[in-house]
Amino acid sequence: MTLTNQKVQQVANLVIKRMEDVGTDWLKPFGGHTKQGNYSLPHNLQGRNYSGINLFWLQMFNPYPCNTWATFKQINGAGGRVLKGETATPVFYYGTHITTKEGEDGKKFNEGYKFLKSYNVFNLEQTTLNAEDFKQKNNKPKSLVEKIAGVDEYIKNTKAIIKHTEAGRCYYVPSMDYINMSPLDTWKSTADQTKQEAYYSTILHELVHWTGHKSRIDRLDNGSKKCLSYAQEELVAELGSAILSNILQIAKKPSDQHAKYLNGWIADIKDKPKALFTAMAHAQKAINFIDELQPKAESQKDVKAVA
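Residues numbered from 1 in each chain as written. Predicted model: local features only at pLDDT ≥ 70, side-chain atom pairs only at ≥ 80, totals over all residues. Heavy atoms only, no water.

As a further point, take the overall build of the chain. A tally of regular secondary structure across the chain gives eight helices and six strands. Here the chain holds 307 residues, and 49% of them are scored as buried. Summed over its atoms, the accessible surface of the chain is roughly 16000 Å², and 50% of this surface lies on carbon and sulfur atoms. (Helix = DSSP H or I, 4+ residues; strand = E, 2+ residues; numbered from the N terminus. Buried < 20%, exposed > 50% of the residue type's maximum accessible area, 1.4 Å probe, protein only. Areas by Shrake-Rupley, 256 points an atom, 1.4 Å probe, with all protein chains shown as cover.)

To continue, consider the confidence of the model for the chain. The predicted model of the chain averages 88 in pLDDT, with 89% of residues at 70 or higher. Low pLDDT (under 50) marks residues 33-37, which in the prediction has 16 contacts with non-local residues, meaning those over four places away or in another chain. Confidence over residues 298-305 falls short of pLDDT 50; this stretch has 27 contacts with residues more than four positions distant or in other chains. (pLDDT = per-residue confidence, 0-100. Contact = heavy atoms within 4.5 Å.)

You can see Glu153 is positioned in helix H4 (residues 144-156). Overall, Glu153 belongs to the partly exposed group, its relative accessible area being 37%. Sequence separation of Glu153 and Gln294 is 141 residues, and the distance between their C-alpha atoms is 9.1 Å.

The next point concerns the sheet that holds strand S5 (residues 171-173). Paired through backbone hydrogen bonds, the strands of a sheet run either parallel or antiparallel to each other. Pairing is mixed across the open sheet formed by three strands, whose spatial order is S4-S6-S5. Looking at strand neighbours, the two that pair on one side only are strand S4 (162-163) and S5, the edges of this open sheet. In the sheet, S5 pairs with strand S6 (residues 178-180) via three bridges, with the strands oriented antiparallel. When the bridges of S6 are listed, Tyr172 appears paired with Ile179. Running over the sheet, helix H5 (residues 195-211) touches S4, S5 and S6 and is turned about 25° from S5. (Pairing = 2+ DSSP bridges. Axes fitted to C-alpha atoms, helices over the stretch in contact; angles between N-to-C directions.)

Now for the pattern of salt bridges. Pairs can form between side chains of opposite charge once their charged atoms are near each other. Applying the stated criterion across every chain, the model contains eight salt bridges. Two residues, Glu20 and Lys270, come together in a salt bridge whose shortest N-O distance is 3.1 Å. Placement of the pair is Glu20 in helix H1 (residues 3-22) and Lys270 in helix H7 (residues 256-271), with a sequence separation of 250 residues. Overall, the relative accessible area of 45% leaves Glu20 in the partly exposed class. (Salt bridge = Lys/Arg side-chain N within 4 Å of Asp/Glu carboxyl O.)

Attention now moves to the layout of surface pockets. Empty space within the largest pocket amounts to approximately 850 Å³. In this structure, the largest pocket is lined by 33 residues; those nearest its centre are Cys170, His205, Glu206, Ser255 and Gln257. Sorting the residues of the lining of the largest pocket by element identifies S5, H5, helix H6 (230-248) and H7 as the ones contributing at least two each. Of all the elements, H5 adds the most residues to the lining of the largest pocket, at six residues. Looking at side-chain class alone, the lining of the largest pocket contains eleven nonpolar, twelve polar and ten charged residues. (1 Å grid on protein atoms, 1.4 Å probe; cavity = no way out; pocket = protein on both sides within 12 Å on 5 of 7 lines; lining within 4 Å. Points joined across faces, edges and corners; volume = space filled by probe spheres on them. Nonpolar A, V, L, I, M, F, W, Y, C, P; charged D, E, K, R; others polar.)

Looking now at the packing of aromatic side chains. The tally for this structure, following the rule as stated, stands at twelve aromatic pairs. On the numbers, 6.0 Å between centres and 50° between planes, the contact of Tyr93 with Tyr119 is tilted. Residue Tyr93 is found in strand S2 (residues 89-102), and its partner Tyr119 is found in strand S3 (residues 108-123); the two are separated by 26 residues along the sequence. Looking at Tyr119, the relative accessible area reads 25%, which means it is partly exposed. Ring-pair connections join several aromatic residues into one group, and the members of that group are Trp26, Phe30, Phe56, Tyr230, Tyr261 and Trp265. Above the face of the Tyr178 ring, Lys163 is positioned so that its terminal group lies 4.3 Å from the ring centre. (Phe/Tyr/Trp six-rings, centres within 6.5 Å; stacked < 30°, edge-to-face > 60°. Lys NZ or Arg CZ within 6 Å of the ring centre and 35° of its normal.)

For the rest of this paragraph, the subject is the nonpolar core. Of all hydrophobic cores here, the largest spans 64 residues; its most connected members are Trp26, Phe30, Phe56 and Leu239. Ranked by the residues each element gives to this core, the list is headed by H6, at nine residues. The residues contacting Leu239, other than those within four sequence positions of it, are Trp26, Leu27, Phe56, Ala279, Met280 and Ala283. By size, the runner-up hydrophobic cluster in this structure holds ten residues, among which are Leu45, Ala70, Val82 and Phe134. (Core = buried A, V, L, I, M, F, W, Y, C linked by side-chain atoms within 4.5 Å.)

Mapped onto the elements, Thr89 comes out in strand S2. Given a relative accessible area of 19%, Thr89 falls into the buried group. Once you skip the residues sitting within four places of it in the chain, Thr89 turns out to touch Trp57, Leu58, Trp69, Tyr119, Asn120 and Val121.

As a further point, take helix H8 (residues 275-292). In this model H8 runs 26 Å from its N-terminal to its C-terminal C-alpha over 18 residues, within 8% of the 26 Å that 1.5 Å per residue would give. Of all 18 residues in H8, 13 are buried; the element is thus mostly enclosed. (Expected span 1.5 Å × (residues − 1).)

Let's shift gears to unusual backbone geometry. The backbone phi angle of Asp218 is positive, close to 60°, even though this residue is not glycine. Relative to the elements of secondary structure, Asp218 occurs in the loop between H5 and H6.

Laid out in structure tokens, this is it:
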């Protein structure tokens with residue numbers, strides 16, 4: 001097993017243990033706030049967010065009050081040093097190796113393959129750098145009114161068709177390309193989530209499904225062997241909506257389908273450790289797609305800036 005595969009397995013093992021230990025609360029670190037009391041996601045020294053599995057991994061298991069990360073070289077370049085005895089955290093990136101070959105007809109063509117590699121980062125709490133100097137801007141907590149107005153506008157900018165024809169049920173219909181939501185007055189507030197947050201975080205879940213339509217990312221059932229199973233698609237929607245909820249500062253609780261598929265997700269990741277990486281990659285593509293539909297001034301484009 002290569003070093004990168006060992007680190008992939010390390011991530012998978014920790015996620016499986018969390019799923020088994022806390023059940024449907026395993027995504028709680030994405031419930032709308034961080035340990036710092038603000039709404040940042042894992043980011044580098046320039047304040048740009050990590051993406052894909054790195055965003056998920058660094059948020060899920062960050063034991064520090066700080067959410068800023070950097071490589072050994074970057075820390076030294078900023079005038080700091082890593083404290084003695086500190087252990088690095090692996091992060092990952094996908095690359096493509098391209099080689100030029102010559103065909104039988106003498107014409108040259110490019111042939112490539114994708115690869116996954118890892119490198120190490122440190123949290124700024126593990127260094128002599130002052131975390132406050134590299135704290136993200138514009139991540140102050142908003143009032144509930146501001147949050148709901150923001151997420152409502154974010155959803156409207158997608159121009160997704162959202163109906164309220166069936167109370168008590170929320171779902172996306174690919175064949176007719178619309179989302180059904182139970183009307184707002186049917187939702188109830190809890191100690192952890194207002195009824196408005198429950199309603200809008202569920203729309204975000206369905207909106208991730210919506211991105212999979214054949215006219216968009218084409219991730220849903222298209223007859224291809226690469227098509228995700230229903231359970232895998234639910235994992236993509238839960239991951240995507242959890243991250244969007246964090247970005248938009250609304251509390252997120254597990255969907256009704258979450259508990260139903262949890263054991264299946266555990267089994268799938270045990271069998272194929274990279275399954276989580278694949279699901280997170282699909283979730284990131286969905287987030288990027290939705291983000292591209294937002295006016296540039298309001299866009300969250302930095303969420304996809306760092307591998």
